[in-house]
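The chain contents come next:
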Amino acid sequence: MELAYFNGWVGSLEEARVSVNDRGYNFGDGVYEVVRAYNGVMFALEEHLARLALSAAAVEIDLPWAPARLKNIIVETLGESGIKDALIYIQVTRGTAPRGHVPEEEMRPNLLVTVRNMPDIPPSLYSEGVKAITMPEFRWQMCSVKSISLQASVLAKRRAERAGAAEAFFVLPDGTVTEGASSNIFIVGDGALITHPADNRVLAGVIRHFVLKVAGTLGVKAMEEPFNISDLMKAEEVFITGTVAEIVPVVNVDGKIIGGGRPGPLTARIHKGFASLHK
Ligand code: PLP
């Protein structure tokens with residue numbers, strides 16, 4: 001059964017309640033993680049929790065739970081749900097207090113964990129690939145923080161959807177392509193993978209990390225370097241990475257066909273290598 005944990009309370013998602021004074025609700029003042037469980041086992045939970053700690057530290061939220069305690073809460077909530085193929089959402093907000101920009105000292109953060117059934121992913125996503133659009137970067141300068149303040153991403157996704165695309169790629173004023181609204185981007189040039197460095201312009205994606213590892217194992221050259229719109233447009237292959245859909249080929253950007261308009265062989269090889277990590 002789909003379950004919510006909130007500050008020690010456990011019950012259905014419909015019954016879970018937060019205060020209207022929660023700073024996440026009022027200010028988007030919090031951080032989060034999304035973890036996928038395969039056959040009852042969470043993939044890369046340690047990496048996700050390490051990133052949660054980095055995000056919290058970057059926005060000056062002191063996590064009051066010892067790492068082992070936090071891990072236990074998540075593992076127990078997943079176990080209690082009985083769901084084997086699950087999406088686990090972990091959200092920490094700064095806490096609950098009457099609305100005011102400056103947070104009170106010594107606030108107690110609120111912890112929400114939800115466990116849901118993994119949504120069905122149509123196989124055509126991988127066999128056909130998806131379209132993307134590009135748009136000017138209009139988010140903030142701390143994209144390495146997995147913040148729940150996602151208004152810009154919501155608008156970007158909506159713009160993509162209206163254009164019949166699955167993802168929006170952000171482009172800096174100098175033409176550098178950074179990441180998608182909810183994914184990291186890899187391009188293939190001369191048989192090598194290129195992805196934007198893990199700096200303040202992108203989220204250091206967990207799947208991105210494992211893709212770089214898999215590339216190393218397969219003997220595929222992989223570079224963490226900035227690339228621009230023209231590199232993207234003439235790439236042999238393009239794919240995006242993220243926890244939910246793992247590795248998804250991109251075959252069209254702004255209406256222009258990428259790599260012949262079909263998912264490429266290196267994308268498939270990397271995905272196969274990645275899938276073997278959680279099988
Ligand atoms: N970049 C952004 C902006 C994201 O929101 C996400 C995931 O939601 C990613 C990249 C991919 O991160 P991960 O591979 O850890 O899911």
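As the structure is a computational prediction, the values presented were derived from the model and not from experiment.

Caption draft 1: The arrangement of the nonpolar core in detail. Met 42, Ile 74, Ile 88 and Leu 111 are the most contacted members of the largest nonpolar core, which totals 25 residues. Of all the secondary structure elements, the ones that give two or more residues to this core are β3 (30–38), α2 (45–58), α3 (67–81), β5 (86–93) and β6 (110–117). Residues in contact with Met 42, not counting those within four places in the same chain, are Val 35, Arg 36, Ala 37, Ile 74, Val 75, Leu 78 and Ile 88. Of all hydrophobic cores here, the second largest spans 20 residues; its members include Phe 169, Val 171, Ile 187 and Ile 258.

Caption draft 2: Quick look at the domain arrangement of the chain. Structurally, the chain comprises domain 1 (3–117) and domain 2 (124–278). Each of domain 1 and domain 2 has a C-alpha centre, and these two points are 26 Å apart. At the junction of the two partners, domain 1 supplies 24 residues and domain 2 supplies 21 residues. Each partner contributes to the roughly 1700 Å² buried at the junction of domain 1 and domain 2, and carbon and sulfur atoms together form 67% of this total. If you sort the residues of domain 1 by the area they bury against domain 2, Tyr 32, Phe 43 and Arg 51 come out on top, with a joint share of 37%. Where domain 1 meets domain 2, there are one salt bridge. Among the ionic pairs, Glu 246 bridges to Arg 36, the shortest N-O distance being 3.8 Å. Scanning the region where domain 1 abuts domain 2 turns up seven residue pairs in polar contact (both at pLDDT 80 or more). Of all the secondary-structure elements, those providing two or more residues to the side of domain 1 that touches domain 2 are α1 (23–27), β3, α2 and β5.

Caption draft 3: Structural context of unusual backbone geometry. With phi around 50 degrees, Asn 39 is a residue other than glycine that occupies positive phi space. Tracing the chain through its elements places Asn 39 in the loop between β3 and β4 (41–42). According to the relative accessible area criterion, Asn 39 is exposed, its value standing at 60%. With a phi close to 60 degrees, Glu 106 is a non-glycine residue in the positive phi region. The class of Glu 106 is exposed, set by a relative accessible area of 78%.

Caption draft 4: Local environment of the site of the ligand. Within the structure, the ligand sits among 16 residues, and Arg 51, Glu 179, Val 206, Ile 207 and Thr 243 are positioned closest to it. Taking Lys 146, its side chain carries an N or O atom lying 3.0 Å from an oxygen atom of the ligand. In the model, a nitrogen atom of the ligand is placed 2.7 Å from a nitrogen or oxygen of the Glu 179 side chain. Out of a free accessible area of 390 Å², the ligand has 90% covered by protein chains. Its atoms largely coinciding with the cavity grid, the ligand occupies the largest pocket. Of all the secondary-structure elements, those providing two or more residues to the shell around the ligand are β9 (176–180), β10 (183–189), α6 (206–218) and β14 (237–242). When the residues that make up the shell around the ligand are grouped by side-chain class, the tally is four nonpolar, eight polar and four charged.

Caption draft 5: Highlighting helix α5 (residues 151–162). Helix length check: α5 (12 residues) gives 17 Å between terminal C-alpha atoms against 16 Å at 1.5 Å per residue, within 8%. Elements that come into contact with the buried residues of α5 comprise β7 (130–136) and β8 (167–171). After α5 finishes, the residue Gly 164 shows a positive phi value of roughly 75 degrees.

Caption draft 6: Quick look at the layout of surface pockets. By volume, the largest pocket amounts to about 1200 Å³. For the lining of the largest pocket, the elements supplying multiple residues, two or more each, are β3, α2, α5, β9, β10, α6, β14 and β15 (246–253). By residue number, the principal contributor to the lining of the largest pocket is α5, which donates five residues. Grouping the amino acids of the lining of the largest pocket by side-chain chemistry returns 24 nonpolar, 13 polar and eight charged.

Caption draft 7: Up close: the packing of aromatic side chains. Enumeration according to the criterion identifies six aromatic pairs in this entry. Between Tyr 32 and Tyr 89, the aromatic rings sit 5.6 Å apart at their centres with planes inclined by 35 degrees, giving tilted as the arrangement. Of this pair, Tyr 32 sits in strand β3 while Tyr 89 sits in strand β5, and the two are 57 residues apart along the sequence. With a relative accessible area of 11%, Tyr 32 lands in the buried category.

What counts and what doesn't
- Residues numbered from 1 in each chain as written.
- Predicted model: local features only at pLDDT ≥ 70, side-chain atom pairs only at ≥ 80, totals over all residues.
- Heavy atoms only, no water.
- Core = buried A, V, L, I, M, F, W, Y, C linked by side-chain atoms within 4.5 Å.
- Buried < 20%, exposed > 50% of the residue type's maximum accessible area, 1.4 Å probe, protein only.
- Helix = DSSP H or I, 4+ residues; strand = E, 2+ residues; numbered from the N terminus.
- Contact = heavy atoms within 4.5 Å.
- Domains from an automatic or database assignment.
- Buried area = accessible area lost by both parts, 1.4 Å probe.
- Salt bridge = Lys/Arg side-chain N within 4 Å of Asp/Glu carboxyl O.
- Polar contact = N/O pair within 3.5 Å; in protein donor to acceptor, adjacent residues only side chain to side chain.
- Near = heavy atom within 4 Å.
- Areas by Shrake-Rupley, 256 points an atom, 1.4 Å probe, with all protein chains shown as cover.
- 1 Å grid on protein atoms, 1.4 Å probe; cavity = no way out; pocket = protein on both sides within 12 Å on 5 of 7 lines; lining within 4 Å.
- Sits in = over half its atoms within 2 Å of the grid points.
- Nonpolar A, V, L, I, M, F, W, Y, C, P; charged D, E, K, R; others polar.
- Expected span 1.5 Å × (residues − 1).
- Points joined across faces, edges and corners; volume = space filled by probe spheres on them.
- Phe/Tyr/Trp six-rings, centres within 6.5 Å; stacked < 30°, edge-to-face > 60°.

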